[in-house]
Amino acid sequence: MRPLTCMIVDDEPLAVLLLESYVEKTPDLQLLASFTDSITAINAVKEQKPDLLFLDIQMPNIDGMELAHSLPEETRVVFTTAFKEYAFESYEVNALDFLLKPIRYNKFLAAVEKARKLHQQPSVAQSQQPNTVFIRVDGEWRNIVIDQIVYVSGMKDYVLFYLDGEKKPLISHLTMKAVEEMLPSDKFMRIHRSYIIAVDKIQKVDRNDCVYIGEEIIHVPDGYQQTFRNFLETRSFNK
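The model shown is predicted, which means the values in this text are computed figures rather than measured ones.

For a regular strand, the rule is simple: side chains alternate between the two faces of the sheet. Where strand 13 (residues 202-205) meets strand 14 (residues 210-213), three bridges bridge the pair, whose relative direction is antiparallel. Within strand 14, the residue paired with Lys-204 across the bridge is Tyr-212. Taken together, strand 13 and the strand that follows it, strand 14, pair antiparallel across an intervening segment of four residues, in which Asp-209 is found at a positive phi of about 60°. Linkage of strand 14 to strand 15 (residues 216-219), two consecutive antiparallel strands, is achieved through a turn of two residues, within which Gly-214 is found at a positive phi near 55°.

Structure representation (structure tokens):
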């Protein structure tokens, strides 16, 4: 069995050195690279796709929460921070674990073991995903054709589903994280903290990084722009 690969992103050099020492003494854990700059880290993570990313939250330029939204699907994040108030927010990006600084080795090792067990589980093929999904609306279960969804928006504890042929959205008591995990990643993309869109239903993207879809115009914020631009490049004619 191949070792787990990992990267470290933290703007504090001493924190990086500590984590590097932990990686070095952990069997079957391979460090690909360490970064103190989140912008430089993004491209490396996307290119090398590590199994595990140890990621600080409070950093200049792009913080850890924003960076986590642009990770490759196969990379799981372990947040490392001195601020425990971020713990709840970390679950919105499906973080594998949350390590509070100063990080002890036994906590670090427990997070690695979580990643190892997850990595050993067989993944479900995308082709096996259903064509419809049930959502609860006004106490009833509605069976929705996935390809009918134009975009989804979050509003506090509720999610609004905008569908082709429907004038009003369907409102359900859900989280955006749950919806993001439910919808197939080859058809839908989260381009904003509060928006998930059907990529095939995009009408246009203007020079200000605004996406025109359905009746909505959505500006793609900095934390999501690189992933979205990479997607556009894969679906465009480049001279």
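And the narrative resumes.
Take the packing of aromatic side chains next. A complete count under the given rule lists seven aromatic pairs for this structure. With a centroid separation of 5.3 Å and 55° between ring planes, the pair formed by Tyr-22 and Phe-108 is classed as tilted. With Tyr-22 in helix 1 (residues 13-24) and Phe-108 in helix 5 (residues 105-120), this residue pair connects regions lying 86 residues apart in the sequence. With relative accessibility at 9%, the residue Tyr-22 sits in the buried group.

The next thing to look at is the packing of helix 2 (residues 38-48) against helix 7 (residues 222-234). To characterise two packed helices, one gives the angle between the axes of the helices and the distance between these axes. Two elements in contact, helix 2 and helix 7, have axes whose closest approach is 11 Å; the angle formed by their N-to-C orientations is 45°. Regarding the angle of helix 2 to helix 7, the classification is oblique. The handedness of the crossing between helix 2 and helix 7 is right-handed. In this structure, helix 2 contributes Ile-42, Asn-43 and Lys-46 to the contact, and helix 7 contributes Gln-226, Thr-227 and Asn-230. For the contact of helix 2 with helix 7, the class distribution of residues is one nonpolar, four polar and one charged.

On inspection of all chains with the given rule, the structure shows nine salt bridges. Among the ionic pairs, Lys-101 bridges to Glu-12, the shortest N-O distance being 3.9 Å. Of this pair, Lys-101 sits in the loop between strand 5 (97-100) and helix 5 while Glu-12 sits in the loop between strand 1 (4-9) and helix 1, and the two are 89 residues apart along the sequence. Overall, Lys-101 belongs to the buried group, its relative accessible area being 19%. The partly exposed category is assigned to Glu-12, whose relative accessible area is 42%. Between Arg-229 and Asp-209 there is a salt bridge; the shortest N-O distance is 2.9 Å. Residue Arg-229 is found in helix 7, and its partner Asp-209 is found in the loop between strand 13 and strand 14; the two are separated by 20 residues along the sequence. A relative accessible area of 36% means that Arg-229 is categorised as partly exposed. A relative accessible area of 16% places Asp-209 in the buried class. Through salt bridges with shared partners, a single network forms among Asp-10, Glu-12, Asp-56 and Lys-101.

We now examine helix 1. Between its terminal C-alpha atoms helix 1 stretches 16 Å, which fits the 16 Å expected from twelve residues at 1.5 Å a residue. Every buried residue of helix 1 is listed here: Ala-15, Val-16, Leu-19, Tyr-22 and Val-23. Burial along helix 1 is one-sided: seen end-on, the buried residues are contained in an arc of 120°. What points out from helix 1, more than 90 degrees from its buried face, is the exposed set Pro-13, Leu-14, Leu-17 and Glu-24.

Attention shifts here to the nonpolar core. Formed by 20 residues in total, the largest nonpolar core has its most connected members in Met-7, Val-9, Phe-35, Leu-53, Leu-55, Leu-71 and Phe-79. Counting residues per element, this core draws most heavily on helix 2, which supplies four residues. Ranked by size, the runner-up nonpolar core spans 18 residues in total, among them Val-78, Leu-99, Phe-108 and Ala-115.

With that out of the way, let us pick up helix 5. For helix 5, spanning 16 residues, the distance from its first C-alpha to its last is 23 Å, which sits close to the expected 22 Å at 1.5 Å a residue. Buried residues of helix 5: Phe-108, Ala-111, Val-112, Ala-115 and Arg-116, and no others. Projected onto a plane normal to the axis of helix 5, the buried residues spread over an arc of 145° and lie on a single side. Each element contacted by the buried residues of helix 5 is listed here: strand 1, helix 1, strand 2 (29-35), strand 3 (52-56), strand 4 (76-81) and strand 5.

Each value, and the rule that gives it
- Sequence order as written defines residue numbering, which begins from 1 separately in each chain.
- In keeping with the model being predicted, local features are shown solely for residues with a pLDDT of at least 70 and side-chain atom pairs are shown and tallied solely at 80 or more, while totals for entire chains, interfaces and linings include all residues.
- For side-chain calculations, the full set of non-hydrogen atoms in the structure is used, while hydrogens and water are omitted.
- Only when DSSP finds a minimum of two bridges between them are two strands counted as paired.
- Note on conventions: DSSP H or I runs of at least 4 residues are helices, E runs of at least 2 residues are strands, and numbering of each starts at the N terminus.
- For Phe, Tyr and Trp, where Trp contributes only its six-membered ring, two rings pair if their centres lie within 6.5 Å, and the inter-plane angle classes them as stacked under 30 degrees, edge-to-face over 60, or tilted in between.
- Burial status follows relative accessibility: with a 1.4 Å probe on protein chains alone, a residue under 20% of its type maximum counts as buried, one over 50% as exposed, and anything between as partly exposed.
- To get an axis, a line is fitted to the C-alpha atoms, and for a helix only the part in contact is used. The angle between two axes follows their N-to-C directions and goes from 0 to 180 degrees.
- In these notes the angle categories are as follows: under 35 degrees is roughly parallel, over 145 is roughly antiparallel, 65 to 115 is roughly perpendicular, and the rest is oblique.
- Note on convention: the crossing is left-handed when the near helix lies turned anticlockwise from the far helix by less than a right angle, right-handed when the turn is clockwise.
- It only takes one pair of heavy atoms within 4.5 Å for two residues to be counted as in contact.
- Each residue receives one of three labels: charged for Asp, Glu, Lys and Arg, nonpolar for Ala, Val, Leu, Ile, Met, Phe, Trp, Tyr, Cys and Pro, and polar for the others, Gly being one of them.
- Salt bridge, as used here, is a side-chain nitrogen of Lys or Arg placed within 4 Å of a carboxyl oxygen of Asp or Glu.
- One fewer than the residue count of a helix, multiplied by 1.5 Å, yields its expected span.
- This arc describes the spread of directions from the helix axis toward the C-beta atoms.
- Remark: nonpolar core denotes a set of buried residues (Ala, Val, Leu, Ile, Met, Phe, Trp, Tyr, Cys) joined through side-chain atoms within 4.5 Å.

Shape is all these values report; function is a separate question.
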